[in-house]
Amino acid sequence: MSVFSVGYRYRFPLLLLTLWLIAVFILGGKPANSKYAATSRYVNTREKSVANNIKHLSLTETVQKTVLENGLTVLIKEVHTAPVVSVQMWYKVGSRNEEPGVNGIAHQLEHMMFKGTKNHPIQFGRLFSALGSDSNAFTSYDQTAYYGTVERDKLKSLLILEADRMQNALIDTEQLANEKRVVISELQGYENSPEYRLNRAVIRAVFPNHAYGLPVGGTKADVEKFQVEQVRKYYRNFYSPDNAVLVIVGDVQARQTLNTVKEIFGKIPKRQQTGKEDTGTRERRDAANLSQTLSSSPSSPIILREQGAGALLQVVYPLPDVNHPDIAALDVMDYILTGGRNSYLYQALVDSGLASDITASVASLRESSWYELLVTANPEQDLTKIDAVLNGAIANIAQKGVKSEEVERAKTQLEAAVILSNRDITSQAMQLGNDQTTAGDYRFTDHYLAAVRQVTAADIVKVLNKYLRQEARTVGFFEPTLKQTKEISNQPQITKTTENLAVGSPTPPSEIAKYLPPVDRTTDTIKQGLPQQLRLANGLQILLLPDKTTATVTLSGHIKAGKEFDPEDRAGLASLVADNLMSGTKTKDALTLAKALEERGATLDFAAHREGMRIEGNCLAGDLPVLIQTLADAIKNSTFPEKELELNRQQALTSLKLELDDPSEVAKRIFLQSIYPKKHPLHTFPTEESLQQIRREDAIAFKAKHYRPDTMVLVLVGDFAPAKVRSLISTEFGDWQVSGQPPKLEYPTVPMPAKVVRVNPVVPGKVQAITYMGYTGINRRDPRFYATLVLNQILGGDTLSSRLGAEIRDRQGLSYGIYSYFQAQRNVGTFWIEMQTSPGDTNQAIASTHQLLQQIHQQGVTSLDVNTAKRTLIGSYNVSLANPEELTNIILKNQVHELDESELRSFTQKIEQVTLTQVNQAARELLHPDQIVVVTAGPALLADQRNK
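Residues numbered from 1 in each chain as written. Predicted model: local features only at pLDDT ≥ 70, side-chain atom pairs only at ≥ 80, totals over all residues. Heavy atoms only, no water.

Draft legend 1. Focus on the overall build of the chain. Helix and strand content of the chain: 35 helices and 24 strands. The buried share of the chain, reckoned over its 948 residues, is 64%. Within the chain, contacts between residues separated by at least 24 positions form 84% of all contacts whose residues are at least 6 apart in sequence. When the accessible surface of the chain is split by element, carbon and sulfur atoms take 48% of a total near 34300 Å². (Helix = DSSP H or I, 4+ residues; strand = E, 2+ residues; numbered from the N terminus. Buried < 20%, exposed > 50% of the residue type's maximum accessible area, 1.4 Å probe, protein only. Contact = heavy atoms within 4.5 Å. Areas by Shrake-Rupley, 256 points an atom, 1.4 Å probe, with all protein chains shown as cover.)

In structure tokens:
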């Protein structure tokens, strides 16, 4: 269960960011260390022909809205692209409904909504997992939302569960005490982030008398004081059908589905307000407070001088609410200022070398909005100077105005973003739910786009002068007080945990089956089409899967040019090469390359991973030729201009400093270096010294050696004619020739540790601990792979339903997030468990995890465990096939791992064939609780605790 405060860029990737937060921070259990870098930037424009087609786009034309007699708003949208459905329940209550002293109660209640009901007294995460549902929740300023995406025959089951917890949630003293500890662990994860702390300080100054100034998740002091009756009263007051929106999007029949909804929800009564002021009274009072709040801003910056690694600048301008007519022009303005390489502020701050990054968004909310900019300074750069440059650039644009072509490009960027962020049904449902609860109208996005199309250059100047005035802004500086003078030590300390804590009995699968709602077994087997395959004469592999459901194309690619080839004294070289591919080619400079994509609604990103360089691209269908041409130019003809290389080096150095201030990154780095010895491809990580050693000739040589067509795979899924795409790729890549054989790399066998190894690196200034536990694992081609997937799902596949989650998080309340991985790559595999804990709970959580591993290793699991895990994996896989980006990545991974072409279709069959005997054999062979590396990064006191 995560806190969703506000994302960067604008409304549509905001929803993508929400989903990212849900998937990673809830199911994965990771803390939201930075919400700023997560936003997808669809900094795109497209040609007029495409723009004309989009003008007829309606996201809500087929939506059926019904309000039941009890006040429940029901939105149903038929989308028959795949046999899956998303069910989302949105309550019109969030941190906006709070006040100091009870800050965070909406978020706390959201956590409690998974603890079970009178009719289903079992952790709901386990029920959702048994249904194969991608389910969870988040809390925001204006709403609390619960979502699940499943195969369509599970629709009624999800509706039954949502109706039950709307009226019958169990909220008792013991469960609240445990979940308060979990929430505090979550909040401490946020507090580890300087960006979060700076953002909270600035927003509090902008809204001193309004609930928008409070942190969405609450504060530790308030959470600790919550009493069970407080939470129950909040539940009674706000969780009622007349305060909720039910969204159903997917492969359903609207009329039949509405009848089912009426049957399940229709008898739930409206709630009595029991003495609490009505929503209208509260909103009128808050509006008055908001008016007072926005009348003044601090004249000098808010300065946080705290331990950290990088200097940050935050600027916030108050804006009107989401329904104000200026919002459309403000979003267009945002793109002109920060939307990509050719934007004004990017050139003023990043291209000049003052900053490594700038992100921004218009946060459009129910009672107010704000424009928020975050600048990450490069080392040794002065924040006052950066602020002056930023402020001067905005003032200059407000005075001189903008070009009409810039306005048209930004308008098209927004419209392209709508299409690209509405390709899967979960996102479409999120859009409807957010629009109905925040703006009060599920059709808001359609109206908004109509307004965007009317924005002119004069409108941009108007909103710049009206809202981005110097006296209206609130500025925050984060000035780190501690500079890292050396790499964090990773010398292992050999010890063994001495705690002997009893592991509670997990909920038996028979109990889960007992409370699982009935499933309508009507869904036909999903017959996933297989991609067409071809190979050019130079060895480049191409896989094409036409999909006409949306007028977009998703591209994913791989070249065997990853970090595994980094020289030890130049670690970071593979990433620097990937980062510089768009910095200039033989015929185009960096701005020209970026503009080619920005003008056509396309994105193209390169990133070096351990076993390869990944390519990710998205575009509207008509712009695929430009995407392919730009990709080919960057791959074949990049020249690594000295100036651009130096800018990227500075960004890499800044990123390194920030990583070494992040306990999660530190723990993972030292964990891998403690498992894999020097000279092993997984041991090497960049350092400041290694990054400084890299020269232009190194980048050129690395690319010449490792960027080859015979190690490249391209996968395209979307709206295209395969014959035309084959011809296009052949034209652009067919002349790419290299000689000799691709470089080979040996992965030496790594022995297991002889005993438990504990390493406790200290990361100053943190309040949350991150622990990694594990050792070497299996690679993707190991015959035990499918049984291991089932074993991992049972052990720690997700935080809410696994054995680890049930024991460490749910029963003991020791961790906000704990989960396990068997990361099976092509050449190597690693097993690890990751958890985040309050410092005082760390050793207890490690000891309990150790005992649970011992228990499963010795006693195994049950057939019901296995059957439940198999249903979860199969359901989740089928849901993922309905998402173009996930489908593209699955196809790519299968090809890179040299699996049979039928793997895409046969994966679920192989999971279904896994037996109890195979899973328990994998547990005996692959779980080694007494030969494990344990790395905990966090506050200094942890180093002392271990020896007490």
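Draft legend 2. How the structure looks around the pattern of salt bridges. Here the structure, examined in full by the defined rule, presents 46 salt bridges. A salt bridge links aspartate 251 to arginine 152; the shortest N-O distance between them is 2.2 Å. Here aspartate 251 is found in the loop between β7 (244–250) and α10 (254–265), whereas its partner arginine 152 is found in the loop between β6 (144–151) and α5 (155–167), with 99 residues between them in sequence. Linking glutamate 224 and lysine 220 is a salt bridge whose minimum nitrogen-to-oxygen distance equals 2.7 Å. Highlighted residues: glutamate 224 and lysine 220, both in helix α8 (residues 220–225), separated by four residues, approximately one helical turn. Accessibility expressed as a relative area gives 42% for glutamate 224, which makes it partly exposed. Linked through salt bridges whose partners overlap, the residues forming this network are Lys115, Glu179, Arg809 and Asp810. (Salt bridge = Lys/Arg side-chain N within 4 Å of Asp/Glu carboxyl O.)

Draft legend 3. Representation of the pairing of strand β16 (residues 552–559). Within β16, eight of the eight residues are buried, leaving the element largely enclosed by the surrounding structure. Here β16 shows two buried faces, one formed by Thr552, Thr554, Ser556 and His558 and the other by Val553, Leu555, Gly557 and Ile559. Pairing of β16 with strand β18 (residues 612–620) involves eight bridges; the strand directions are antiparallel. Residue pairing for β18: threonine 552 is matched across the bridge by leucine 620. Of the strand pairs in this sheet, β16 and strand β19 (residues 712–718) are connected by seven bridges, and their pairing is antiparallel. (Pairing = 2+ DSSP bridges.)

Draft legend 4. Region of interest: the sheet that holds β18. Spatially, the six strands line up as an open sheet ordered β14-β15-β19-β16-β18-β17, and their pairing is mixed. With one partner strand each, in any of the chains shown, β14 (532–535) and β17 (603–609) form the two edges of the open sheet. Ignoring strand direction, the axes of neighbouring strands in this sheet form an average angle of 15°. The sheet contacts of helix α15 (residues 404–420) involve β16 and β18, and relative to β18 the element is tilted by about 110°. (Axes fitted to C-alpha atoms, helices over the stretch in contact; angles between N-to-C directions.)

Draft legend 5. Local environment of helix α32 (residues 884–896). A rise of 1.5 Å per residue sets the reference length of α32, with its 13 residues, at 18 Å; its end C-alpha atoms lie 18 Å apart and thus fit the reference within 8%. The N-capping residue of α32, defined by a side-chain oxygen 3.0 Å from the backbone nitrogen of glutamate 885, is asparagine 883. Note on α32: the residue one or two positions beyond its end, glutamate 898, has a positive phi of about 60°. (Expected span 1.5 Å × (residues − 1). Polar contact = N/O pair within 3.5 Å; in protein donor to acceptor, adjacent residues only side chain to side chain.)

Draft legend 6. Geometry of the confidence of the model for the chain. On average, residues of the chain score 88 in pLDDT, and 87% of them reach the 70 mark or higher. Under a pLDDT of 50 for its full length, residues 5–55 has, in the predicted model, 206 contacts with residues more than four places off or in other chains. (pLDDT = per-residue confidence, 0-100.)

Draft legend 7. Seen up close, the nonpolar core. Formed by 62 residues in total, the largest nonpolar core has its most connected members in Leu72, Leu159, Tyr239, Leu246, Ile248 and Phe265. Apart from residues lying up to four places away in sequence, tyrosine 239 is in contact with Tyr91, Val93, Leu109, Met113, Thr144, Tyr146, Met166, Tyr234 and Arg271. Judged by nonpolar contacts, the second largest core, of 54 residues, contains Leu349, Ala398, Ile460 and Leu468. (Core = buried A, V, L, I, M, F, W, Y, C linked by side-chain atoms within 4.5 Å.)

Draft legend 8. Layout of the side chain of threonine 438. Relative to the helices and strands, threonine 438 resides in helix α16 (residues 425–439). Classification of threonine 438 as buried rests on a relative accessible area of 5%. For threonine 438, the side chain forms a polar contact with the side chain of glutamine 143, separated by 2.8 Å.

Draft legend 9. Looking closely at the sheet that holds strand β9 (residues 312–319). Pairing is mixed in the open sheet, where five strands are placed in the order β8-β12-β9-β11-β10. Strands at the two margins of the open sheet, each flanked by one partner only, are β8 (302–306) and β10 (355–364). Here the average twist between neighbouring strands, direction ignored, is 15°. As paired elements, β9 and strand β11 (residues 369–377) share eight bridges and run antiparallel to each other. Following the sheet pairing, leucine 312 is matched in β11 by threonine 376.

Draft legend 10. Summary view of the packing of helix α12 (residues 327–338) against helix α18 (residues 457–467). Two elements in contact, α12 and α18, have axes separated by 9 Å at closest approach and are oriented at 90°. On the basis of their axis angle, the class for α12 and α18 is roughly perpendicular. Between α12 and α18, the residues in contact are Ala329, Leu330, Val332, Met333, Ile336 and Leu337 and Asp459, Ile460, Val463, Leu464 and Tyr467, respectively. Along the lines of polarity and charge, the residues of the contact of α12 with α18 split into ten nonpolar, no polar and one charged. (Parallel < 35°, antiparallel > 145°, perpendicular 65-115°, else oblique. Nonpolar A, V, L, I, M, F, W, Y, C, P; charged D, E, K, R; others polar.)

Draft legend 11. Structural view of α10. If you check α10, its first and last C-alpha atoms are 16 Å apart, about what twelve residues at 1.5 Å a residue would give, namely 16 Å. All of the buried residues along α10 are Ala254, Thr257, Leu258, Thr260, Val261, Ile264 and Phe265. Taken around the axis of α10, the buried residues stretch over an arc of 160°, which confines them to a single face. Those residues of α10 that are exposed and aimed more than 90 degrees away from the buried face are Arg255, Gln256 and Glu263. If you follow the buried residues of α10, they end up packed against β2 (63–67), β3 (73–78), β4 (84–91), α5 and β7. (Arc of directions from axis to C-beta.)

Draft legend 12. View of the packing of α12 against helix α17 (residues 444–453). One way to put it is that α12 packs onto α17 with a least axis distance of 8 Å and a crossing angle of 65°. Considering their axes alone, α12 and α17 lie roughly perpendicular with respect to each other. Regarding α12 and α17, the two cross each other, and that crossing is right-handed. Here Ile327, Ala328, Asp331 and Val332 of α12 come into contact with α17, specifically with Tyr448, Ala451 and Val452. Looking at side-chain class alone, the contact of α12 with α17 contains six nonpolar, no polar and one charged residues. (Left-handed = near helix turned anticlockwise from the far one by under 90°.)

Draft legend 13. Layout of the packing of aromatic side chains. Applying the stated criterion across every chain yields a total of 27 aromatic pairs. Seen in terms of ring centroids, tyrosine 234 and phenylalanine 238 are 4.6 Å apart; in terms of plane orientation they differ by 50°. Their pairing is tilted. Here the residue tyrosine 234 and the residue phenylalanine 238 both occupy positions in helix α9 (residues 228–238), the gap between them amounting to four residues, near one helical turn. You can call tyrosine 234 buried: its relative accessible area is 7%. Taking the relative accessible area as the measure of exposure, phenylalanine 238 reaches 6% and is therefore buried. (Phe/Tyr/Trp six-rings, centres within 6.5 Å; stacked < 30°, edge-to-face > 60°.)

Draft legend 14. Main features of the pairing of β18. Burial analysis of β18 places eight of its nine residues in the buried class, the great majority of the element. Sheet topology note: the β17/β18 ladder contains seven bridges and is antiparallel. Its bridge partner lying in β18, leucine 604 is registered against glycine 617. Two successive antiparallel strands, β17 and β18, enclose a turn made up of two residues.

Draft legend 15. Up close: the environment of arginine 409. For arginine 409, the position within the fold is in helix α15. A residue is classified by how much of its surface remains accessible, and arginine 409, at 13% relative accessible area, is buried. Separated by 189 residues in the primary sequence, arginine 409 and glutamate 598 place their C-alpha atoms 7.7 Å from one another.

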